[in-house]
Amino acid sequence: MPTTENTFLNNSRVSELWTAIKTALAGKADLSALEDYTTPDAVATAIATALTSYATNTAVQTAITTALADYMTASDVTAAIANAAHITFQTVDELPETGQPNVIYLVPNGGASGNSKTEYMWIDGKYEKIGDLEVDLSQYWSKSELRVMTAEELKAILK
């Protein structure tokens, strides 16, 4: 019985297949008399004979099913995502003694903007710095700088 590696078509097996077909056809007709043509039945028989050592459709389907058994279905993936721990952010003045998994702790670091934080995660029993965050809002209006637009100002914009 052929091994799995020899039951599927690959480059070397295609070459073998063509050799088997040519061999089978050689006994079916005088190819030179037919100018490289033969009957459809001879071709079908040659191909069927050459493919006898290859896996059947059922065997291929079984091999694929077995190979895919270790993979998740779409509903399994959806459930895994829904049940997975998701990253959350927590702003703290200082890091707690021990952290929680899947939490990014944002600790103020005294940056120039007043909105500068260092990011930490609790990994393998200790805090790991994962980055710095500083938001520059200097180009944005503050609440005190905003005022209600009048109807006339709105009309002027829309003209």
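This text follows the structure it describes.
It should be emphasised that the depicted structure is a prediction, and the values quoted were computed from it without experimental measurement. (Residues numbered from 1 in each chain as written. Predicted model: local features only at pLDDT ≥ 70, side-chain atom pairs only at ≥ 80, totals over all residues. Heavy atoms only, no water.)

A. Quick look at the sheet that holds strand β2 (residues 103-108). In spatial order, the strands read β1-β2-β3-β4; together these four strands make up an open sheet with mixed pairing. The sheet is open, and its two borders are formed by β1 (88-91) and β4 (126-134), each paired with just one other strand. Sheet twist, expressed as the average angle between the axes of neighbouring strands with direction ignored, equals 30°. Where β1 and β2 come together, four bridges link them in parallel fashion. Among the inter-strand pairings, Q90 is bridged to a residue of β2, identified as Y105. (Pairing = 2+ DSSP bridges. Helix = DSSP H or I, 4+ residues; strand = E, 2+ residues; numbered from the N terminus. Axes fitted to C-alpha atoms, helices over the stretch in contact; angles between N-to-C directions.)

B. Region of the structure containing unusual backbone geometry. The backbone of N102 shows a phi angle near 65°, a positive value even though the residue is not glycine. Despite not being glycine, D124 has its phi angle at roughly 50°, a positive value. When you line up the elements, D124 lands in the loop between β3 (116-123) and β4. A residue is classified by how much of its surface remains accessible, and D124, at 74% relative accessible area, is exposed. (Buried < 20%, exposed > 50% of the residue type's maximum accessible area, 1.4 Å probe, protein only.)

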